[in-house]
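# Observations on the three-dimensional arrangement
Listed below are the residues making up each chain.
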Amino acid sequence: MPMRDRSANEPAQALAGLRAVEFTAAMAGPWIGRFLAYCGAEVIRVESRSRPDVVRLYVPPRNPELGTQPQLSPWFTDWNAGKRFVSLDLRQPLAVELGKRLAARSDIVIENYSAGVMDKLGLGYPELRRVNPELIMFSSSGFGDTGPCKRFVTWGPNIEALSGMSRLSGFPSRACTLTQYAHPDAMSALHGLVAVLAALDHRRRGGGGQYINLSQYEATVAGMGHVMMEYLALGREPARLGNRSRHAAPHGCYPCRGEDRWCAISVVTDSEWQSLCGVLGRREWLDDPRFASLADRLDHAEALDAEIAECTRDRTDYELMNALQRAGVAAGVVQNAEDLARHDEHLAARGFFEQLEHLEKGRVTATGVPLGLTGTPGRSGRAGAAVGQDNDYVFGTLLGMTRREIEAAIEAGAIEPVDDL
Amino acid sequence: MPTRPSGALTGRRVLELADETGAYCGKLLADLGADVIKLEPPGGDRSRRLPPRFRAGSGREEGLSFLYLNTSKRGVTLDLQKPEGPELLARLASSADLVVETLAPGTLESLGLGYESLRRVNSRLVLTSITGFGQTGPHRDFRSSDLVASALGGAMTVTGEEEDPPVRLAGTQAYVAASTVAAASSLIALLASSQSGEGQHVDISVQEVTASVAHICGVGKWLDDGIIPRRQGTGLFASVPSGAYACQDGNVYLMVNRPLHWIALARWVHEVTGNQEILDPMFEGPSSNRQPYRELLDLFISEFTSQLSVEAAYREGQSRHIAVTPVNTAAAVAEDPHLASRGFFQEVVHPTAGRLTYPGAPYRHSETPWRIQRPAPTPGQHNQEIYRDELGISESALRALRAGGVI
């Protein structure tokens, strides 16, 4: 699969000159820094051996005998590409002091520890503002930093359930429906990215620093707001529509030849409907009163879906998609990971996937970063590395500590030596 | 309603030519204080009519999704097919920071309003295009929809039950995600433009955003373990145990990712059910140790949750620091005391839809509070204000534009 073009004469990056420090774990926090680093910001990730990121507790399924492999998780390496890694035992006062010195030299602090943990460590916003009034501090947790449930423990799928997303999605026959990719983790990170960038824009115009708090629950409900409105305005639970739509029919996912092969089709207008009947070889449907108008097709969606499935069953998915698209009908193969990377000629032509340099594996392939900045294209740096991988650079070069000071801090247990946990 | 917007983006001006694909992008920016002007064809955008709709008293019927996705914006009408249309848009663009559009690739160019043309009017301008497949590549002119993007982006194949067809999420999550990325990318381009004086074209593909949002199940994982992720119910493949479990009166979602959380859960299950087996040390450690016993552990946990109410499982589980949460209905979200204590939901008075409750802030800025600045505009609500008062078009010229069906 082709890579993004990397010429020697690379254009300036949009966020070059900015520095962020993150105290993060899992995805909802680290993914924000991934975008910032991609756009040229220097992102320093602080970790602690006493509380390893859960993504570092990775046992490779192909080689479980190796045990925990903190540098090999495909998620860790992706979410932390382009970052610097330092290791501090934040239970030590000297380590907290070094954390503060990093914050003092930074534009942004990102954290997604449990609510209250940063304050307890002495790294809460009031402390950090004292050393850097221009700082933008972003904090993300499941429930936000106020309210009766602020200390509750959640992961992405918990938020999917809590926000109503699981209950409102999927087929009516199911009690709830979940993604395998923790949709709210991504959406919380993306909302967080918007929040941080808006604060940077405000600061650029002389507005000063500030604190931003994100509740992953609330961010996910905000993204579901257009669905929630039905309850809020009309007092009724939004119906679970499966793949159907209230304003398009047919609108579904239809079986194709092969195991677990499907093609999604969306038809709104009558002309699209006519094209669909043509491609499926069922021109007689044009005279069927059940399917005469969009309103009729919506009323007979079940019969319509069953009839279409009969026609698609013997077609191959990509052939059907291409035939429908040539006729002006929105259609798409239900692609899996392998399809995306190997069979999607469009993503390949756009150079979507990326090769990340990995200190142990050599190179790893990662899903692209979809920012589409044509004037200041982003670049992915080195894949996520070891805890403390960049201690020397960060404490020595950046903070100006001498070799002896760094060794003394290691001796005192404040800086943890570079290793695999 | 307040007259002047406030928030982190106060002073930024955005033109929005977006249907439901990109309206959330404009909302994110407008609720943060940017002056977002929504341009619609005379009579209003088609997305205004999307169901479900709401009618207050004898008022006009309003699409609820439109009301939500267009808060805080001002609205003008403009027919880009009329000769005066593109010229007016260019005039608006000359004082804007950002244009967000969701027209089919090539449409703006055909009107003489492509990025290169807009750049000549305003070199600092950022143009953000949100389309199904982006501005380049063999599928650039393919038709799309939220469903088609969810399919081609790799989200649907890993949503739902193994024995069901792939399924998409409620609402239009592919559009929401693409709009959020578009807002972020636009802000990055604006920050860069403020430094360099050079705007740029931001090319957002809904398919790429979907692939990115779903990438936990993407190429990195597949190349690493050789397993193509598929639908597998409510449990997450890497976390054992995890999933929705039935209580006496509904479902909870429970997930264990840390060794200590497992020990806490095993003790709790033992206390409630007397189950001794679950305390076996072979189940301890990271999730990978429990992977071979997933089905057995699901049985143990289902037996346990069936003895509890949702509320009891939620409160007691959380007091033991176990990630248990209810599987909420819309009603439960709307009435959640936690959200109420944070004042999450907001009341907004719309000229025709009246007073309704809306979901509130996705994030909270200490110095520049997020707020819904105003309700979604009615079609052409701000024509006078923007065309006459701000662009300086005379009354008589406006009358001519109106008569010509331009606005």
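Computed from a predicted model, the values in this text were never measured in an experiment.

### With respect to the sheet that holds strand 2 (residues 35-40) of chain B
Within a sheet, adjacent strands bond to each other through the backbone by hydrogen bonds, running parallel or antiparallel. Residue and element names in this part refer to chain B. Pairing within the open sheet is parallel, and its 6 strands lie in the order 5-2-1-6-7-8. Looking at which strands have only one partner, the edges of the open sheet turn out to be strand 5 (74-77) and strand 8 (201-205). In this sheet, neighbouring strand axes are inclined to one another by 20 degrees on average, regardless of whether the strands run parallel or antiparallel. One ladder, built from 4 bridges, connects strand 2 with strand 5; its direction is parallel. Paired with Leu39 across the two strands is Val76, which belongs to strand 5. Relative to the sheet, helix 1 (residues 23-31) contacts strand 1 (13-17), strand 2, strand 6 (98-101) and strand 7 (126-131), its axis offset from that of strand 2 by approximately 155 degrees.

### Focus on the pattern of salt bridges
Close approach of charged atoms allows side chains with opposite charge to pair. Taken as a whole and judged by the stated rule, the model has 67 salt bridges over all chains. One salt bridge in this structure joins Arg246(A) and Glu230(A), with 3.1 Å as the shortest N-O distance. Placement of Arg246(A) in the loop between helix 10 (225-234) and strand 7 (251-255) and of Glu230(A) in helix 10 is noted, with a sequence separation of 16 residues between them. One salt bridge connects Lys361(A) with Asp224(B), and the closest N-O pair in it is separated by 2.8 Å. In this pair, Lys361(A) sits in the loop between strand 10 (354-358) and strand 11 (362-366) while Asp224(B) sits in helix 9 (residues 219-225), so the two residues belong to two different chains.

### Digging into helix 8 (residues 206-213) of chain B
For helix 8 of chain B, the tally of buried residues reaches 8 of 8 residues, placing the bulk of the element in the interior. Every buried residue of helix 8 of chain B is accounted for by Val206(B), Gln207(B), Glu208(B), Val209(B), Thr210(B), Ala211(B), Ser212(B) and Val213(B).

### Looking at the interface of chain A and chain B
Across the contact, 148 residues belong to chain A and 150 residues belong to chain B. Of the roughly 12,900 Å² buried between chain A and chain B, counting both surfaces, carbon and sulfur atoms make up 64%. Across the salt bridge formed by Asp201(A) and Arg12(B), the nearest N and O atoms sit 2.6 Å from each other. The interface formed by chain A and chain B holds 66 residue pairs in polar contact (both at pLDDT 80 or more) in total. Grouping the amino acids of the side of chain A that touches chain B by side-chain chemistry returns 79 nonpolar, 44 polar and 25 charged. Taken together, the 2 bridges between strand 6 (residues 210-215) of chain A and strand 14 (residues 364-365) of chain B define a ladder with antiparallel strand orientation. Paired with Ile212(A) across the strands is His365(B), a residue of strand 14 of chain B.

### Overview of the packing of helix 8 (residues 183-207) of chain A against helix 7 (residues 173-196) of chain B
For the pair helix 8 of chain A and helix 7 of chain B, the least separation of the axes is 9 Å and the interaxial angle reads 25 degrees. Between helix 8 of chain A and helix 7 of chain B, the interaxial angle falls into the category roughly parallel. As helix 8 of chain A packs across helix 7 of chain B, the resulting crossing turns out to be left-handed. Facing His183(A), Met187(A), Leu190(A), His191(A), Leu193(A), Val194(A), Leu197(A), Ala198(A), Leu200(A), Asp201(A) and Arg204(A) of helix 8 of chain A, the residues of helix 7 of chain B in contact are Gln173(B), Val176(B), Ala177(B), Thr180(B), Val181(B), Ala183(B), Ala184(B), Leu187(B), Ile188(B), Leu191(B) and Ser194(B). For the contact of helix 8 of chain A with helix 7 of chain B, the class distribution of residues is 15 nonpolar, 5 polar and 2 charged.

### Here we look at the nonpolar core
Across soluble globular proteins, nonpolar side chains have a tendency to be buried as a group. Leu15(A), Leu36(A), Leu197(A) and Leu29(B) are the most contacted members of the largest nonpolar core, which has 142 residues in total. Of the residues forming this core, the biggest block, 15 residues, is contributed by helix 7 of chain B. Setting aside residues up to four positions removed in sequence, Leu197(A) forms contacts with Leu15(A), Leu36(A), Ala184(B), Leu187(B), Ile188(B) and Leu191(B).

### Some words on the packing of aromatic side chains
Summed over all chains, the structure comprises 17 aromatic pairs over all chains. Taking 4.9 Å as the distance between ring centres and 80 degrees as the angle between the ring planes, the aromatic pair formed by Trp31(A) and Phe35(A) counts as edge-to-face. Linking Trp31(A) with Phe35(A), this pair stays in helix 1 (residues 30-38), spanning 4 residues, or about one helical turn. For Phe35(A), a relative accessible area of 2% gives the class buried. With a centroid separation of 5.6 Å and 80 degrees between ring planes, the pair formed by Phe143(A) and Phe152(A) is classed as edge-to-face. Here Phe143(A) matches Phe152(A) in class, with each residue buried. Feature note: the residues Phe143(A), Phe152(A), Tyr217(A) and Tyr314(B) constitute an aromatic cluster, connected by ring pairs.

### With respect to the sheet that holds strand 11 (residues 323-326) of chain B
Residues and elements named next belong to chain B. The 3 strands are arranged 9-10-11 in an open sheet whose pairing can be described as antiparallel. The open sheet is flanked by strand 9 (242-246) and strand 11, the only strands paired with a single partner. Direction aside, the axes of adjacent strands within the sheet are offset by 25 degrees on average. Both strand 9 and strand 10 (residues 251-255) contribute to a ladder of 5 bridges, which runs antiparallel. Each residue of the ladder has a partner; that of Ala244, found in strand 10, is Tyr253. Here helix 13 (residues 310-319) sits on the sheet and contacts strand 10 and strand 11; the angle it forms with strand 11, its principal contact strand, is near 150 degrees.

### Observations regarding unusual backbone geometry
Omega for the peptide link from Ala249(A) to Pro250(A) comes to 0 degrees, which places this bond in the cis form. Here Pro51(B) and Pro52(B) are connected by a cis peptide whose omega angle stands at -5 degrees. Residue placement: Pro52(B) occurs in the loop between strand 2 and strand 3 (53-55). Even without glycine at this site, His321(B) takes up a positive phi of about 60 degrees. Residue position: His321(B) is located in the loop between helix 13 and strand 11.

### What about the side chain of Glu40(B)?
Within the secondary structure, Glu40(B) is located in strand 2. Overall, the relative accessible area of 1% leaves Glu40(B) in the buried class.

### Here's the deal with helix 3 (residues 93-104) of chain A
Side chains of residues three or four places apart in an α-helix project in the same direction, reflecting 3.6 residues per turn. The end-to-end C-alpha distance of helix 3 of chain A is 16 Å, a good match for the 16 Å that 12 residues give at a rise of 1.5 Å each. Along helix 3 of chain A, the residues classified as buried are Ala95(A), Val96(A), Leu98(A), Gly99(A), Lys100(A), Leu102(A) and Ala103(A).

### Here's the deal with the environment of Leu254(B)
All names here are of chain B. By the secondary structure assignment, Leu254 is in strand 10. Take Leu254: its relative accessible area is 1%, and that puts it in the buried class. Sequence-wise, Leu254 and Val327 are 73 residues apart; in three dimensions their C-alpha atoms are separated by 9.9 Å.

### Describing the side chain of His346(A)
Counting through the fold element by element, His346(A) comes out in helix 16 (residues 345-349). In terms of polar contacts, His346(A) uses its side chain to reach the backbone amide nitrogen of His139(B), at 2.9 Å. Contact partners of His346(A), with chain neighbours within four places excluded, come to Phe133(B), Thr136(B), Gly137(B), Pro138(B), His139(B), Arg140(B) and Gln207(B).

### Let's talk about the pairing of strand 11 of chain B
Here is the key point about a regular strand: its side chains alternate between the two faces of the sheet. Residue and element names in this part refer to chain B. Residues Ala323 and Thr325 line one face of strand 11 and the alternating positions Val324 and Pro326 line the opposite face, and both faces are buried. Pairing between strand 10 and strand 11: 4 bridges, direction antiparallel. Directly across from Tyr253, in strand 11, lies its bridge partner Thr325.

### Remarks on the confidence of the model for chain A
On average, residues of chain A carry a pLDDT of 95, and 97% of them reach 70 or more. The low-confidence segment residues 1-8 of chain A (pLDDT under 50) makes 20 contacts with residues lying over four places distant or belonging to another chain.

### So, the pairing of strand 5 (residues 136-141) of chain A
All names here are of chain A. Most of strand 5 sits inside the fold, with 6 of its 6 residues counted as buried. With burial as the criterion, each face of strand 5 is covered, one bearing Ile136, Phe138 and Ser140 and the other bearing Met137, Ser139 and Ser141. The sheet contact formed by strand 4 (residues 108-111) and strand 5 spans 4 bridges and is parallel. Bridging from a neighbouring strand, Ile110 pairs with Phe138 of strand 5. Of the strand pairs in this sheet, strand 5 and strand 6 are connected by 6 bridges, and their pairing is parallel. What sits directly across from Ser141, in strand 6, is Ser215.

The rules behind the values
Residues numbered from 1 in each chain as written. Chains lettered and ligands numbered in written order. Predicted model: local features only at pLDDT ≥ 70, side-chain atom pairs only at ≥ 80, totals over all residues. Heavy atoms only, no water. Pairing = 2+ DSSP bridges. Helix = DSSP H or I, 4+ residues; strand = E, 2+ residues; numbered from the N terminus. Axes fitted to C-alpha atoms, helices over the stretch in contact; angles between N-to-C directions. Contact = heavy atoms within 4.5 Å. Salt bridge = Lys/Arg side-chain N within 4 Å of Asp/Glu carboxyl O. Buried < 20%, exposed > 50% of the residue type's maximum accessible area, 1.4 Å probe, protein only. Buried area = accessible area lost by both parts, 1.4 Å probe. Polar contact = N/O pair within 3.5 Å; in protein donor to acceptor, adjacent residues only side chain to side chain. Nonpolar A, V, L, I, M, F, W, Y, C, P; charged D, E, K, R; others polar. Parallel < 35°, antiparallel > 145°, perpendicular 65-115°, else oblique. Left-handed = near helix turned anticlockwise from the far one by under 90°. Core = buried A, V, L, I, M, F, W, Y, C linked by side-chain atoms within 4.5 Å. Phe/Tyr/Trp six-rings, centres within 6.5 Å; stacked < 30°, edge-to-face > 60°. Expected span 1.5 Å × (residues − 1). pLDDT = per-residue confidence, 0-100.

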